[in-house]
Amino acid sequence: MRSVGHPSGEICSRAKGDLRDCFPAFLTPPSLILSAALIGKLFIFLVVGGLVFGTANAAPYVSNETPALPGLLRPFIFIALIILPGAWIGFSPLARRLDVWMRLCLSVVLSPLVLFAQFYMLRLFGLPVGLLPFILTLINASAGFLIFKARREFVLPDRVTFVATLAVLALPLSFLAYSFHDETVLVLRAHNWLHSDLVYQFLAGKLLPEEMALAGEVTAYPWAAHIYQSILSATLHVAPSLSYALTNIVWLLALFGIAALIAKEFGGGRIAQITAPIWVTFAVNPVGLGIRQVAPLFNIRDIVPWDLILPIFGDPRYTSVLRKYYNFNQMPFAFALLGALTYLAIVERPDFGPKARGALMGAVLISMLVIYPLFLPVGCGIIGARIVAVWFNQDAKARSSRRSEAVALFIAMAVTCTLAFPYLEIILQDRIGGSGPRLDFSMYQIKKVAHTGFALILPVAAFAFVARRLWPGMQTALLVIGLTAVGLIALHIFVHIPNWRGEYKFIMAAAVILTPFVGVAIEPWVAALQKNGRITAVFAVAAASLAIATPSSIRLFTEFGYGPVERPDVFIDGLDLRYAASEPLAGALDTIRTRTPPSTLIVFAQKKYYLPTIARRTAFTPYDQFEALAGVGFPINYMLFSVKGYDTQKSAYRVASVTNLYFGDNDDVRAEALGEMLALARPVAIIINRSTEQDLEAWLGTTNGAAAIHEDDSHAVWLVYPNEFDHSSP
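The paragraphs below set out a description of the structure included in this document. The shown structure was predicted, so the numbers you read here are calculated from the model rather than taken from an experiment.

### Here's the deal with the overall build of the protein
In terms of helices and strands, the protein carries 30 helices and 11 strands. The burial tally for the protein puts 57% of its 730 residues in the buried class. In the protein, of all internal contacts separated by at least 6 residues, the share reaching a separation of at least 24 is 75%. On the protein, roughly 29,200 Å² of surface is accessible, and the fraction owed to carbon and sulfur atoms is 66%.

### Remarks on helix α3 (residues 74-90)
Taking 1.5 Å of rise per residue, 17 residues should cover 24 Å, and α3 covers 24 Å from first to last C-alpha, within 8% of that figure. The sharpest bend along α3 reaches about 35 degrees and sits at L81, with the proline P85 one to four residues further on. If you check which residues of α3 are buried, you get I77, F78, A80, L81, I82, I83, L84, P85, G86, A87 and G90. In this fold, the buried residues of α3 make contact with α4 (100-124), α5 (132-140), α6 (143-149), α10 (224-236) and α11 (240-265).

### Examining the layout of surface pockets
There is about 1,100 Å³ of room inside the second largest pocket. Lining the second largest pocket are 30 residues, and of these W101, P157, T165, G257 and A260 lie nearest its centre. Broken down by secondary-structure element, the contributors of at least two residues to the lining of the second largest pocket are α3, α4, α7 (159-179), α11 and α12 (270-274). Counting residues per element, the lining of the second largest pocket draws most heavily on α11, which supplies 8 residues. Looking at the lining of the second largest pocket residue by residue, the classes come out as 22 nonpolar, 4 polar and 4 charged.

### Some words on the environment of L470
When you line up the elements, L470 lands in helix α20 (residues 444-470). What makes L470 buried here is its relative accessible area of 19%. Placed 204 residues apart in sequence, L470 and F266 show a C-alpha to C-alpha distance of 7.9 Å. Once you skip the residues sitting within four places of it in the chain, L470 turns out to touch F266 and L478.

### Concerning the pattern of salt bridges
One pass over the full model with this rule turns up 21 salt bridges. R682 is paired through a salt bridge with E210; the nearest N and O atoms lie 2.7 Å apart. Of this pair, R682 sits in the loop between α29 (667-678) and β9 (684-689) while E210 is found in the loop between α9 (190-203) and α10, placing the two residues 472 residues apart along the sequence. What makes R682 buried here is its relative accessible area of 12%. Here E210 falls in the buried class, since its relative accessible area comes to 5%. One network of salt bridges, with partners in common, ties together D573, D576, R578, D590, R593 and R616.

### Section: unusual backbone geometry
Even without a glycine there, the phi angle at D351 is positive, about 70 degrees. Following the sequence through the fold, D351 ends up in the loop between α16 (331-346) and α17 (354-371).

### What to know about empty space enclosed by the protein
Taken as a whole, this structure holds 4 cavities of 30 Å³ or more when the rule is applied. Estimated volume of the largest cavity: approximately 70 Å³. A213, F604, Q606, Y609, Y610, P612, A619, P622, Y623, D624, L629 and I636 together form the lining of the largest cavity.

### A few points about the packing of α20 against helix α21 (residues 475-494)
In a packed pair of helices, the relevant descriptors are the angle between the two axes and the axis-to-axis distance. Their axes nearest at 10 Å, the elements α20 and α21 cross at an angle of 175 degrees. Comparing their axes, α21 and α20 come out roughly antiparallel. Within the contact between the two elements, α20 uses Q445, K448, V449, H451, T452, L456, F463, A467 and L470 and α21 uses L478, I481, G482, I489, H492, I493 and F494. Broken down by class, the residue content of the contact of α20 with α21 amounts to 10 nonpolar, 5 polar and 1 charged.

### As for the packing of aromatic side chains
Applying the stated criterion to the full structure yields 17 aromatic pairs. Ring centres of F145 and F148 lie 6.1 Å apart, and the angle between their planes is 40 degrees; on these two criteria the pair is classed as tilted. Residue F145 and its partner F148 are both found in helix α6; the two are separated by 3 residues, about one turn of the helix. Ring geometry for F266 versus F517: centroids 4.7 Å apart, planes at 55 degrees, classification tilted. Residue F266 is located in the loop between α11 and α12, and its partner F517 is located in helix α23 (residues 516-527); the two are separated by 251 residues in the primary sequence. The class of F517 is buried, set by a relative accessible area of 1%. Through a chain of ring-to-ring contacts, three or more aromatic side chains come together here, namely F116, F119, Y120 and F202. Residue placement shows R151 over the ring face of F148; its charged tip is 4.0 Å from the ring centre. Taking the ring centre of F620 as reference, the NZ or CZ of R654 above it sits at 4.9 Å.

How each quantity is defined
- Residues numbered from 1 in each chain as written.
- Predicted model: local features only at pLDDT ≥ 70, side-chain atom pairs only at ≥ 80, totals over all residues.
- Heavy atoms only, no water.
- Helix = DSSP H or I, 4+ residues; strand = E, 2+ residues; numbered from the N terminus.
- Buried < 20%, exposed > 50% of the residue type's maximum accessible area, 1.4 Å probe, protein only.
- Contact = heavy atoms within 4.5 Å.
- Areas by Shrake-Rupley, 256 points an atom, 1.4 Å probe, with all protein chains shown as cover.
- Expected span 1.5 Å × (residues − 1).
- Bend = angle between axes of the 7 residues up to and from the residue.
- 1 Å grid on protein atoms, 1.4 Å probe; cavity = no way out; pocket = protein on both sides within 12 Å on 5 of 7 lines; lining within 4 Å.
- Points joined across faces, edges and corners; volume = space filled by probe spheres on them.
- Nonpolar A, V, L, I, M, F, W, Y, C, P; charged D, E, K, R; others polar.
- Salt bridge = Lys/Arg side-chain N within 4 Å of Asp/Glu carboxyl O.
- Axes fitted to C-alpha atoms, helices over the stretch in contact; angles between N-to-C directions.
- Parallel < 35°, antiparallel > 145°, perpendicular 65-115°, else oblique.
- Phe/Tyr/Trp six-rings, centres within 6.5 Å; stacked < 30°, edge-to-face > 60°.
- Lys NZ or Arg CZ within 6 Å of the ring centre and 35° of its normal.

Following this line, the structure appears as structure tokens:
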């Protein structure tokens, strides 16, 4: 059997193309010898660290402080942790036949999964969170050598392409820059508060996050990406409500790169690849949004039942896709993972065999599971479409090869779905209600058919045009895209996700895989123009996209929730999000954050404030669940019960305990209420309004185990430990 050398140093069988033939050679380079040495040193460090830190640091809470890295190291470690963990897979032999830029994008999109696993390995060894950025960089440093080995494959674009790419990227990035220009705007969006709560728990040392507004309940939301965000926040030593803006930009660039590479796979040249960011960002629902913008100018509301037909013209939440990058959420991760999975499903390369494809698609699918489970059926659908497309195109591969690929892809799905059961069981263990996705056969379905057409008319038309031109030579890849798009459109039309009709996300998923075809479709026409005409055409399309999308985006910059709410004066101080001194609760919350154990519960009878994010402590229960909260912008009962499905009776019982503590008729009622809070075996910080709750403050002054840790003109904070509480008079 004759073998040939490969530029990356592996020796592979040309006859079989079996990856197993590559591994013996791959294990011998100095890169893996260096890796073994570093991992050996790390193992010794972990053992010693476990003995030094002891079992206390392996408990759910380990530290109240996260030490800052030296300022000069922060950007380098940040970049390293963005790329290197995923590079173990992206630059492994599995991906060696892929475009090197795709390997880099794969490294970015797979880093959260690798860091998720490494985080728990290190935390269970007892290492404090503050050391993780440095240690994780050390662990993954050797992956940099894998990238270094592939350095000759990186081909930089020529000057014209480089400048044009920067000009195109400036369009969406300028929108993001504008939305992040005001720090107050940055932190005062509902998503930013609620997602920051999860990050703060991992920064405080938790292994299993709880619902910060309802103590003791495991949060019914996937948190793998929040571990990633916590590590990066600790690296930069900035609050998660600021660091997420940087990661959103990173993941947007990754999506742009993947979209350009998908366009390249379908014959897209320089114009199609350069303009891919424009189409991904602005090619969804331009017709529907244009009608929404123009209709008010012609008094359409006086002529037709506007409110009745308005939904036909699309959903502002996917117009444009860029809107999902303004907030702290996990959809930027999901979009890039979806793009990567699509690329792996359509790419054809010599020696990119079924085992490599199955392993890489499996890794991306597992990432999708742990980061954004809603898209797990979408990911499985892409893999299923690949299996069907390969079997349908019988001339593409030998029967044995098709069987091998089907088996490898089926194993990838089976492993991921098997992992889904325990993972989702952990996440949803405290959920007893809530409403999940269900089939939709209502009259609204007719409107969804209409606005699906408006939303996807441009990318669907472009795909049809390209498919007609390329069908004979790229039948398998086109079938994958077509079947996936049909499946996503069907999901959008026939599935209803309660609470603000969350099925709109399937339109955004369809946009990720279809919008790269817009550039491929128009490229022949643009290329036929003279040089100046090509430039003019590209910038005319960009200007039209901006003109349509700008009004909708500008409105989003000023939205802080789902209705007019009070906006507290906040600022970012290192890792902390804090109230300004002008806010009445500022001093009380600063004291709780800095002078109480991280496991402390906060109890308060305030009606308009959401305190866990500022205090970085869990609330026993929200006292008033039906009033829009300052900063968050909606009533907390919507998130706790309608979305996450927690027990309403348990919460009501806790609200009654808070009422009895603050406004009880006698000391015994107060003592019983406080005892119920202390039954969670955690310290309790009681926030008192000194102008209206003097009776409670006076009672606490006569209670053994209760100590005042803060007093100012407006509020006091009393701290009670469970093993010291005694309500009898001293």
